[in-house]
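# Inside the fold
Given next are the chains, with one letter for each unit.
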Amino acid sequence: MRKKIVAGNWKMNKTASDAESLVRALREELANFREADVVLCPPFTDLATVSRLIQGTHLDLGAQNMHYEKSGAFTGEISADMLRDLYCHYVILGHSERRQYFHEDDALVNRKVKAALASSLRPIVCVGETLEERDAGRVEEVVSTQVKGSLAGLSGKELLDTIVAYEPVWAIGTGRTATSDQAEDVHALIRKTLAEMASEAVAQGVRIQYGGSVKPGNAKELFSMPDIDGGLIGGASLDAHSFAEIVRAAAR
Ligand code: PEP
């Protein structure tokens, strides 16, 4: 049985003092919650603050990006080991905003995924089609190509340590959510692709999150689908009560 996982992607929001208020509120909201893994992914500048505040709680820490090299002359970049040093256990890779604005492609995402795993970070690897691609009937081709390219060369064990986030680009930050059936269809396709890449057993073990305008009002239905193992939450993760409601929707 896959344990659900809900992650909050704060994107480029919250100063350290904003982060402190949000985490204090979340600690109260989720004090007794154990039914799903909960990961907070603040910007780099808040990682140390959030790391300190979640010590001794069931909340976990993730970053939103990293570089694939271990160290060196890469001005402005952050390595996997630097994240581990702050007790980060997850890292979002290949988010559509990074693919769109920073030209990250599957080959680059794949290098980052391998570097994350080599430093014992669990990558949350984002895939998803644009509206144009959906309208052109290319969802299967686009998403399976992203999955195969981003996760190329991973062992079964490494795939099991990886989380895939299906995030249709047209649903991110738009208020337009995929229906639970639309999302389930693509999650099942991702699981089929993973089975082709590794084995049915591995495919059944990999957790696949849905992301794209998840809100307290639609989370329960999305999370009740057989292949949806939680969510990657953007806008609604910036408010403690909304995020906590979404997390609670992941309880069995
Ligand atoms: C995201 O950016 O990962 C995301 C899902 O954003 P939102 O929930 O705001 O659509």
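See the structure shown above.
Scope of this entry: the structure provided in the associated data block. (Residues numbered from 1 in each chain as written. Predicted model: local features only at pLDDT ≥ 70, side-chain atom pairs only at ≥ 80, totals over all residues. Heavy atoms only, no water.)

Moving on, we come to the sheet that holds strand 6 (residues 163–166). Taken in spatial order, the eight strands of this closed barrel run 1-2-3-4-5-6-7-8, and their pairing is parallel. Strand-to-strand, the axes of this sheet are offset by a mean angle of 25°, without reference to chain direction. Looking at chain direction, strand 7 (residues 207–211) and strand 8 (residues 230–233) are connected through two bridges and run parallel. Paired with Tyr 210 across the bridge in strand 8 is Gly 231. Those strands touched by helix 9 (residues 180–197) are strand 5 (122–127), strand 6 and strand 7, and its axis lies near 150° from that of strand 7. (Pairing = 2+ DSSP bridges. Helix = DSSP H or I, 4+ residues; strand = E, 2+ residues; numbered from the N terminus. Axes fitted to C-alpha atoms, helices over the stretch in contact; angles between N-to-C directions. Contact = heavy atoms within 4.5 Å.)

One way to put it is that helix 7 (residues 139–150) packs onto helix 9 with a least axis distance of 10 Å and a crossing angle of 45°. Regarding the angle of helix 7 to helix 9, the classification is oblique. Crossing geometry of helix 7 relative to helix 9 is assigned as right-handed. Residue-level contacts link Val 139, Glu 140, Val 143, Ser 144, Val 147 and Lys 148 of helix 7 to Val 186, Leu 189, Ile 190, Lys 192, Thr 193, Leu 194, Glu 196 and Met 197 of helix 9. (Parallel < 35°, antiparallel > 145°, perpendicular 65-115°, else oblique. Left-handed = near helix turned anticlockwise from the far one by under 90°.)

Further remarks concern the environment of Gly 149. Position of Gly 149 relative to the elements: it lies in helix 7. Separated by twelve residues in sequence, Gly 149 and Asp 161 place their C-alpha atoms 17 Å apart. Filtering out sequence-adjacent residues up to four positions away, Gly 149 remains in contact with Asp 106 and Asn 110.

Right, let's get into the site of the ligand. Near the ligand you find 14 residues, and of these Lys 11, His 95, Glu 167, Gly 173 and Ser 213 are the closest. One of the backbone nitrogen or oxygen atoms of Ser 213 is found 2.7 Å away from an oxygen atom of the ligand. Contact with the protein chains removes 97% of the 290 Å² of surface that the ligand exposes when unbound. Partitioned by chemical class, the residues of the shell around the ligand number four nonpolar, eight polar and two charged. (Near = heavy atom within 4 Å. Polar contact = N/O pair within 3.5 Å; in protein donor to acceptor, adjacent residues only side chain to side chain. Areas by Shrake-Rupley, 256 points an atom, 1.4 Å probe, with all protein chains shown as cover. Nonpolar A, V, L, I, M, F, W, Y, C, P; charged D, E, K, R; others polar.)

Here strand 6 shows a buried face lined by Ile 163 and Ala 165 and a second buried face lined by Val 164 and Tyr 166. Bridge analysis of strand 5 against strand 6 gives four bridges, and the strand direction is parallel. Note that in strand 6 the partner of Val 125 across the bridge is Val 164. Pairing between strand 6 and strand 7: four bridges, direction parallel. (Buried < 20%, exposed > 50% of the residue type's maximum accessible area, 1.4 Å probe, protein only.)

With that settled, consider the nonpolar core. Burial of nonpolar side chains together is a common tendency in soluble globular proteins. Membership of the largest hydrophobic core comes to 70 residues, with the highest contact counts inside it found for Ile 190 and Phe 223. Val 39, Cys 41, Tyr 90 and Ile 163 belong to the second-largest nonpolar core, a separate cluster that totals eleven residues. (Core = buried A, V, L, I, M, F, W, Y, C linked by side-chain atoms within 4.5 Å.)

Positionally, Arg 2 belongs in the segment before strand 1 (5–9). At a separation of 2.7 Å, a polar atom in the side chain of Arg 2 contacts the main-chain carbonyl oxygen of Gln 204. A polar side-chain atom of Arg 2 sits 3.0 Å from the main-chain carbonyl oxygen of Pro 226. Once residues within four sequence positions are removed from consideration, Arg 2 is found in contact with Arg 191, Gln 204, Gly 205, Val 206, Arg 207, Pro 226, Asp 227 and Asp 229.

Once that is clear, we can look at the packing of aromatic side chains. Tallied over the entire structure, the rule returns one aromatic pair. The lysine or arginine in question, Arg 98, covers the ring of Phe 102, its NZ or CZ lying 4.1 Å from the ring centre. Sitting over the face of the ring of Tyr 68, Arg 111 holds its NZ or CZ atom 3.9 Å from the ring centroid. (Phe/Tyr/Trp six-rings, centres within 6.5 Å; stacked < 30°, edge-to-face > 60°. Lys NZ or Arg CZ within 6 Å of the ring centre and 35° of its normal.)

For the rest of this paragraph, the subject is the environment of Val 23. In this fold, Val 23 is placed in helix 1 (residues 16–29). On a C-alpha basis, the gap between Val 23 and Thr 49 in space is 9.4 Å, while along the polypeptide they are 26 residues apart. Each residue touching Val 23, except ones within four places of it in the same chain, is listed here: Trp 10, Leu 40, Val 50, Leu 53 and Ile 54.

Take the side chain of Gln 146 next. On the secondary structure map, Gln 146 appears in helix 7. Residue class for Gln 146 comes out buried when judged on its relative accessible area of 11%. Excluding anything up to four places from it in sequence, Gln 146 contacts Arg 99, Asp 106, Val 127, Gly 128 and Leu 151.

This brings us to helix 9. Between its first and last C-alpha atoms helix 9 spans 26 Å; for 18 residues at 1.5 Å apiece the expected length is 26 Å, and the two agree. Taken residue by residue, helix 9 has Ser 180, Ala 183, Glu 184, Val 186, His 187, Leu 189, Ile 190, Arg 191, Thr 193, Leu 194 and Ala 195 as its buried positions. (Expected span 1.5 Å × (residues − 1).)

None of this, on its own, says anything about what the molecule does.
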